[in-house]
Amino acid sequence: MFCTRREWLAATATLGLAHRRLWAEADTRDEPEGEASPEAFPGMIVRMEQPRNLETPLAALRRRRVPQEHFFVRNHFPVPKIDPQQYRLSVTGHVERPLELSLADLQNMGATVRREITLECAGNGRVFLVPAVRGLQWGFGAVGNAEWTGVPLAAVLERVRPKAGAVEVILVGADAGAVADPPSAGVIPFDRGIPIDKARREECLLAWGMNGEPLTPAHGFPLRAVIGGWYGMASVKWLQRIVVSDRSHTGYWQTFDYAFWERSGDAPPRLMPLTAIQPKAIVIVPTPGAVVAAGRPLAVVGRAWAGEAAVAKVEVSTDGGRTWSAAHLEEPVQPFAWTAWKWTWNVPPTPGPATLLARCTDARGRTQPTQRDPDRRTYMINHLVPLELIIRG
Ligand SMILES: Nc1nc2c(c(=O)[nH]1)N[C@H]1C(S)=C(S)[C@@H](COP(=O)(O)O)O[C@H]1N2
Ligand SMILES: [Mo]
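What comes next is a walk through the structure. Throughout this description, residue numbers start from 1 for each chain and increase along the sequence as written. Chain letters and ligand numbers both follow the written order, the letters beginning at A and the numbers at 1. For this predicted model, a pLDDT threshold of at least 70 governs which residues receive local features, and a threshold of 80 or more governs which side-chain atom pairs are given and counted, while totals over whole chains, interfaces and linings are taken from all residues. As a rule here, side-chain values come from all non-hydrogen atoms in the structure, and water together with hydrogens is ignored.

**Side note on the overall build of the chain**
Then step 1. On a plain count of helices and strands, the chain comes out with five helices and 23 strands.
Then step 2. The burial tally for the chain puts 51% of its 393 residues in the buried class.
Then step 3. Per-residue and other accessible areas were derived by the Shrake-Rupley procedure at a 1.4 Å probe size, with only the shown protein chains allowed to occlude residues. Accessible surface computed for the chain: about 18200 Å², of which carbon and sulfur atoms make up 54%. By the criteria applied, helices consist of DSSP H or I runs no shorter than four residues and strands consist of E runs no shorter than two, each listed in order from the N terminus. Exposure classes here rest on a 1.4 Å probe applied to the protein chains alone. A residue is buried below 20% of its type maximum, exposed above 50%, and partly exposed in between.

So this is what it looks like as structure tokens:
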């Protein structure tokens, strides 16, 4: 150190840097990149230290709205530090009227909405794939539901007036880096293209609030996209730029990564970007490996979601999928947000191992597959996973 801390503070204040430094300190407290800090996220399961990736423990999924500090974190690069006063969102490309918007501009548009939307990472459940595959080994907890505050993406698009022929909206984050595997074209930002018809739907937001609080740095402060019904990779955090495009985006994050093999008719398989969340039910209580009392009723509780569709039913099987009985759904069931479900299990009187299966069917009649489809590569994981339990007398 070339001077004392006090001298340094005085110097930075003179230079007008104190404000920025305060923000840097605030960010460091919230998101200590590169340091283990269990205090900051009590109870979270660390899936990767750097950049930080955190899974929500099952117990914290019992809250209908998962608090930010318990909401899973999926980061590809270090969290960018953004000064909210300096922050501008640029909206350019194939538009009549390119714009730069401050946070206040967005908040004063008169278009603010609050909406509950569930985010699920496309790799959620990867640890259950057999044989094991590369990638973060998420259990059940790379999913969460929150109430988001922001403006519809449609309201911003209306102001820039996309030109005829605009087909996609490319969302670009402020975070960037070089990806090693498979290698990227040097340093790239995190980004994702959304077809303009989807982008204009009311479930697509530019959000600054989560459960009534400003976003924390980990979840995209000061502004993120929330693309309701789609896997999490489309909900770009630290949103910096929106580029309206007259062609489909073929960037790293929807070709090399977050893509699956689609088959139709006789055509050879095509690599397609991941989009809508598949139906899924998870059990929260009892937990895997739990010991349950023989001959007594047991409340089985869980959550279910189905992306763009509403959950139509959740069923439970205790005989490996031969017979199913319907669980009770918490009302109202709404698309884009998850639903709580409950089922009373009359635990058999004989001690020994037992398995539970839960499955979700959505309003379009889609349900969960029993077998894993390898065309999905390492994503969209919603095949049935047996919950192993022990009945004790
Ligand atoms: N800028 C940026 N946005 C991002 C990511 C990222 O690494 N950078 N990760 C995406 C992925 S893969 C997911 S699942 C969600 C997770 O959002 P969360 O961390 O708030 O739960 O953010 C998405 N948005
Ligand atoms: Mo993700």
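There's more to say after this.
**Digging into the site of ligand 1**
Then step 1. Note on terminology: near, applied to a residue and a molecule or strand, indicates that one of the residue's heavy atoms is within 4 Å of it. Surveying the vicinity of ligand 1 reveals 19 residues, the closest of which are Phe72, His76, Asp175, His219 and Lys237.
Then step 2. In protein, a polar contact means a hydrogen-donor-capable atom and an acceptor-capable atom, both N or O and within 3.5 Å, with residues adjacent in sequence counting only if both atoms are side-chain atoms; elsewhere, any N or O pair within 3.5 Å suffices. Ser235 places a main-chain nitrogen or oxygen 3.0 Å from a nitrogen atom of ligand 1.
Then step 3. For ligand 1, whose free accessible area comes to 530 Å², the fraction covered by protein is 100%.
Then step 4. Each residue gets one label: Ala, Val, Leu, Ile, Met, Phe, Trp, Tyr, Cys and Pro are nonpolar, Asp, Glu, Lys and Arg are charged, and the others, such as Gly, are polar. Residue composition of the shell around ligand 1, grouped by class: nine nonpolar, six polar and four charged.

**Structural notes on the nonpolar core**
Nonpolar side chains in soluble globular proteins tend to end up buried together.
Then step 1. For this analysis, a nonpolar core means a set of buried residues of the types Ala, Val, Leu, Ile, Met, Phe, Trp, Tyr and Cys, connected via side-chain atoms within 4.5 Å. Judged by nonpolar contacts, the single largest core of 78 residues is most densely connected at Trp148, Leu171 and Leu206.
Then step 2. The leading source of residues in this core is strand 9 (residues 204-210), at six residues.
Then step 3. Contact partners of Leu171, with chain neighbours within four places excluded, come to Leu153, Phe190, Asp191, Arg192, Ile194, Ala225, Ile227, Ala234, Val236, Leu239, Arg241 and Ile242.
Then step 4. Ala281, Val311, Ala327 and Ala354 belong to the second-largest nonpolar core, a separate cluster that totals 24 residues. Whether two residues touch is decided by their heavy atoms; if any such pair falls within 4.5 Å, the residues are in contact.

**Here's the deal with the packing of aromatic side chains**
Then step 1. Pairing of aromatic rings covers Phe, Tyr and Trp, the last counted by its six-membered ring, and requires centre-to-centre distances within 6.5 Å; plane angles under 30 degrees mean stacked, over 60 mean edge-to-face, and any other angle means tilted. Counting across every chain of the model gives ten aromatic pairs.
Then step 2. Arranged with centres 4.9 Å apart and planes meeting at 40°, the rings of Phe190 and Trp253 form a pair that is tilted. Of the two residues, Phe190 is situated in strand 8 (residues 187-195) and Trp253 in the loop between strand 12 (239-245) and strand 13 (259-262); the sequence distance between them amounts to 63 residues. Per residue, the accessibility class of Phe190 equals that of Trp253, and both read buried.
Then step 3. Here Trp305 and Trp338 contribute two aromatic rings whose centre-to-centre distance is 6.2 Å and whose plane-to-plane angle is 45°, an arrangement assigned as tilted. Residue Trp305 is located in strand 17 (residues 297-305), and its partner Trp338 is located in the loop between strand 20 (328-329) and strand 21 (339-346); the two are separated by 33 residues in the primary sequence.

**Description of the sheet that holds strand 16 (residues 291-293)**
Then step 1. Read across the open sheet, the five strands follow the order 16-23-22-18-19; overall the sheet is mixed. Looking at strand neighbours, the two that pair on one side only are strand 16 and strand 19 (325-326), the edges of this open sheet.
Then step 2. In this structure, strand 16 lies alongside strand 23 (residues 387-392), joined through three bridges in parallel fashion. Paired with Ala293 across the bridge in strand 23 is Arg392. When DSSP finds at least two bridges between two strands, those strands are taken to pair.

**A short note on the environment of Gly220**
Then step 1. Positionally, Gly220 belongs in the loop between strand 10 (213-214) and strand 11 (224-227).
Then step 2. You can call Gly220 buried: its relative accessible area is 0%.
Then step 3. Sequence separation of Gly220 and Asn75 is 145 residues, and the distance between their C-alpha atoms is 9.9 Å.

**Re unusual backbone geometry**
Then step 1. Residue Asp181 is joined to Pro182 through a cis peptide bond whose omega torsion reads -10°.
Then step 2. Looking at the element boundaries, Pro182 is found in the loop between strand 7 (168-178) and strand 8.
Then step 3. Along the chain, Val285 connects to Pro286 via a cis peptide bond; the corresponding omega equals 0°.

**Comments concerning the sheet that holds strand 20**
Then step 1. Strand order in the open sheet made by the four strands is 15-17-21-20, with antiparallel pairing throughout. Across the chains shown, the open sheet's two edge strands, defined by having one partner strand only, are strand 15 (280-285) and strand 20.
Then step 2. In this sheet, strand 21 lies alongside strand 20 in antiparallel orientation, the contact comprising two bridges. Each bridged residue has a counterpart across the sheet, and for Leu329 the counterpart in strand 21 is Trp341.

**What about the environment of Ser317?**
Then step 1. With respect to the secondary-structure elements, Ser317 resides in strand 18 (residues 311-317).
Then step 2. In sequence terms Ser317 and Leu357 are 40 residues apart; their C-alpha atoms lie 5.1 Å from each other.
Then step 3. Setting aside residues no more than four positions away along its own chain, Ser317 makes contact with Arg322, Thr323, Trp324, Thr355, Leu356 and Leu357.
Then step 4. Within the structure, the side chain of Ser317 is placed 2.8 Å from the backbone oxygen of Thr323, a separation counted as a polar contact.

**A few points about the pairing of strand 9**
Then step 1. Counting buried residues along strand 9, seven of its seven residues qualify, which places the element largely inside the surrounding structure.
Then step 2. When strand 9 meets strand 10, the two strands line up antiparallel, connected through two bridges. Within strand 10, the residue paired with Gly209 across the bridge is Pro214.
Then step 3. With antiparallel pairing between neighbouring strands as the criterion, strand 9 and strand 10 make up a hairpin whose turn holds two residues, including Asn211 at a positive phi of roughly 55°.

**Thoughts on the pattern of salt bridges**
Then step 1. Here, a salt bridge means any side-chain nitrogen of Lys or Arg that lies within 4 Å of a carboxyl oxygen of Asp or Glu. In this structure the tally under the stated criterion is 20 salt bridges.
Then step 2. Across the salt bridge formed by Glu116 and Arg65, the nearest N and O atoms sit 2.8 Å from each other. One end of the pair, Glu116, is in strand 5 (residues 113-120); the other, Arg65, is in the loop between strand 2 (53-55) and strand 3 (89-93), with 51 residues separating them in the sequence.
Then step 3. With relative accessibility at 11%, the residue Glu116 sits in the buried group.
Then step 4. The salt bridge involving Arg247 is made with Asp246; its shortest N-O contact spans 3.3 Å.
Then step 5. Given a relative accessible area of 56%, Arg247 falls into the exposed group.
Then step 6. Three or more residues joined by partner-sharing salt bridges are found here, namely Arg64, Arg65, Arg114, Glu116, Glu147 and Glu330.

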